[in-house]
Structures are given as structure tokens and as C-alpha cells.
Amino acid sequence: AMHHLGVPTTRALSLVATGDQIMRDMFYDGRPAYEPGAIVCRVAPSFLRFGNFEIFAAQGDAAVLRQLADYTIRHHFPHIEDNGAGLYVSLFEAVCRRTAHMIVQWMRVGFVHGVMNTDNLSVLGLTIDYGPYGWIDNYDPDWTPNTTDAQGRRYRYGHQSKIALWNLIRFANSLYPLVEDAKPLESALDQYIETYEREQREMMHAKLGLEADVKPEFITELLEVLQLVETDMTLFYRRLADLEVCDDRAASVSDTELVAHFRDAHYRPDEISADDTARIGRWIRMYQDRIAHLGTSNLERRQRMNAVNPRFVPRNYLAQVAIEQAEEGDYSGVETLLNILRSPYGEHPEHADFAKKRPEWARRKPGCSMLSCSS
């Protein structure tokens, strides 16, 4: 799914049932249960992660640390041609840029890693070590799929760019013995921030079908509007692409009618207050004005937006339903979901149910709302 969504990732080669029953305690609450055992095989150009470098830095083994860094450059960053300490600074700069790009793509599709420690971040900027991950349904920057992170929410959706920076600082500390100068490493960290902020802006412009002259306040207002009422992020952007913005009737359409266009994306559409309706409607009108100013046709804008805003993501509840079917020996749900997610930007009208917002029964159901490392 991540590969076909366009997110840098390691790949899944196979998933093989073992025939064994494995005891797992999903919520670590003393209620273990047996589950079907399986082995997943993943492939990547390399599974090197930040933590590999931390090991030798912590042990004070500069010789092996240098050997590891040289190996990494030789095999995975052969374009780096600096000498001496500059070699390792350039490596760090490249890792910073790749990490920034990966996090932006996570944010674009609503992916939450859930366990972003230094041993779960790839030096190649690939999504690695899928643990209790998830896709946000309703837009909530504070959501985490990880039960063990439920209190601190360190790895929550809206905090991922900052956690990546924290991890990069740890990686910089690991490379310091090879550089022995903090300033170039600090400059590379600044490049991470600059790269992330630039690509995040570009990503949001693309999701909205807008040019790059959008004021930050417009984006900020959108993200606040998405939280006024429980709004499904994936569905919202697809419905926004369907919005007719050059219609002659635009001025006569009420706020209620504008908000009703997004009914499928709202979890409680009948409970939206008049004040919230007015604020949502105001943002939609501002959006229509910007699109009209650009002069982009509805068809062209829709095609552009639908190329970056997926119709289908592997929502947690969809995965859980497929898992429960598989536990009964029926793998059809897994196969259907797999086939849909090979083209997540397509319409697939025959599978429209897979694009619907999370059903109410899945709001608190284990596996559908939160997971653990033993899920």
C-alpha cells in the first residue's frame, strides 16, 4: 500500500502462515489469547538505521563507526565525493533531506508510524519497521495508533516531523566522532527543517490544487476547520476535488449547502452547529475564490488533486476485518484489499465500500482504533 501510495518504503515480499498458534497479549493487560502465527518477509536496499551508528558511538569504537559510515556511503550514497570529515557531513545532510521527504509523504496520506525511535528510522529515508502503525480516519493531529504511547502521545500524527528531528540529532551525535565539529552538523539539521517546511507547503498546495502563493493562514484555517467537527481526512480532500468552484450559482449557494457537499466526510453531519457551519462555509468560499482566480478548470483541478489525494488507504478497521476473515480460513478479504491498494488513487466503483469512513462499531474495537507491538 505504501509503495503504491508513493511513500518511500521498504517492500513486502511475502506473508506466510506457519500453522502455529501464538499467544499474544495485545494490550498487556493480563488477558493473552492465541492467534494464528505468520512470518512476514520484507526487502530493502539496506536495513541500516540510525541505531546501528549509535551502538558504536556509545561504545566509543570510532574505528568500526568509521567503517560502517564508509560502507554506507560506498554502497548507498556513491554520489558523495567529499574528503575527510566533509564526507560524513555530506552523508548526514543526505539523510536529513531523505528523512524530511519521507515524513512529508507520511503526512500527505495520513500515515502514523507509531514507534519512531532511532532504531526504527532508516538512513535511506525509507519507512521501516512497521509496528503499531495506522492511518488517521478523522483528522486529529494528536492521534497515535500505539497503545503504549496513549498517555504521552510522543509519536502522534502531528508530532512526527519533530520526532524525526530529535532522532536526527541523535544520529548527528553518533557521527560527531568522525567530524569533531558541531557546526556543520547543526547546519544540516537546519537543512532538515527547511526541507521539511518547503516540501510540506508544496504538498499542501498540491492536495488543494493551488499554486504556491497561498498564505500560511489559509492552510492553518483549513486544519482548524477539519477539527471543528469530526472530519475524515481522506474523504475530505476527494470531496474537495469534486467541488464545482466556477459555477454561476456559487454566490447563491448557502453555507449549509456547501457543508452538505462534504456530508460523506463528516462523522456526525447532523450535529454540526450553525457557528461551525458558517466557519466551514467561509473557508470553502475562500477556497473557491482562489481556484476561480487561477482559472483552472474543474476537470483539470480534479485530476491533479486526485493524483495526490488517495481514494483508498488501508484503514485500520479494513485490515482488522480482513484479519478476522483470514483467521477463519477466508483470505478473500486480504486479496481484495491488496488488489485495491495496488491502485489507491483509482475510483474502483465496485469496491466503493472500502472508501467509506470508519463505521461507528470500529471506533473503540481492538485492532481498529489502537494497536500494540503485540497486535
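Before reading on, note that the structure itself is shown above.
In this text the structure is predicted, and so the values were computed from the model without any measurement.

### A short note on the nonpolar core
If you look at soluble globular proteins, the nonpolar side chains tend to sit buried side by side. Grouped together as the largest cluster of nonpolar side chains are 86 residues, with contacts concentrated most on Phe92, Leu208, Trp283 and Tyr287. With 15 residues, the top contributor of residues to this core is helix H4 (residues 85-109). Core analysis: the second largest hydrophobic core is formed by nine residues, Phe312, Tyr317, Leu337 and Ile340 among them.

### Focus: the layout of surface pockets
In this structure, the second largest pocket encloses a volume near 700 Å³. Lining the second largest pocket are 27 residues, and of these Tyr196, Gln200, Met204, Ile219 and Leu223 sit closest to its centre. Only helix H5 (160-179), helix H6 (182-208), helix H7 (216-228) and helix H8 (233-242) provide two or more residues apiece to the lining of the second largest pocket. Among the elements that take part in the lining of the second largest pocket, H6 stands out by supplying 10 residues, more than any other. Here the lining of the second largest pocket is composed, by residue class, of 17 nonpolar, five polar and five charged.

### Observations concerning empty space enclosed by the protein
A full pass over the atoms with the stated rule returns two cavities of 30 Å³ or more. Looking at the largest cavity, its volume works out to about 40 Å³. Lining the largest cavity are Val225, Leu226, Thr231, Phe236, Phe262, His266 and Ile280. Its volume calculated, the second largest cavity comes out at about 30 Å³. Of all the secondary-structure elements, those providing two or more residues to the lining of the second largest cavity are H4 and H8. Considered class by class, the residues forming the lining of the second largest cavity number three nonpolar, two polar and two charged.

### Re the side chain of Arg358
Turning to its location among the elements, Arg358 is positioned in the segment after helix H13 (332-340). Of note is the side chain of Arg358, whose polar atom sits 3.3 Å from the side chain of Asn138. In this structure the side chain of Arg358 is engaged in a polar contact, spanning 3.4 Å, whose partner is the side chain of Glu230. In this view, Arg358 contacts Asp137, Asn138, Glu230, Asp232, Tyr267, Arg315, Tyr317 and Arg363; residues no more than four positions away in its chain are not counted.

Rules and cut-offs
Residues numbered from 1 in each chain as written. Predicted model: local features only at pLDDT ≥ 70, side-chain atom pairs only at ≥ 80, totals over all residues. Heavy atoms only, no water. Core = buried A, V, L, I, M, F, W, Y, C linked by side-chain atoms within 4.5 Å. Buried < 20%, exposed > 50% of the residue type's maximum accessible area, 1.4 Å probe, protein only. Helix = DSSP H or I, 4+ residues; strand = E, 2+ residues; numbered from the N terminus. 1 Å grid on protein atoms, 1.4 Å probe; cavity = no way out; pocket = protein on both sides within 12 Å on 5 of 7 lines; lining within 4 Å. Points joined across faces, edges and corners; volume = space filled by probe spheres on them. Nonpolar A, V, L, I, M, F, W, Y, C, P; charged D, E, K, R; others polar. Polar contact = N/O pair within 3.5 Å; in protein donor to acceptor, adjacent residues only side chain to side chain. Contact = heavy atoms within 4.5 Å.

No statement about biological role is implied by the geometric values presented.
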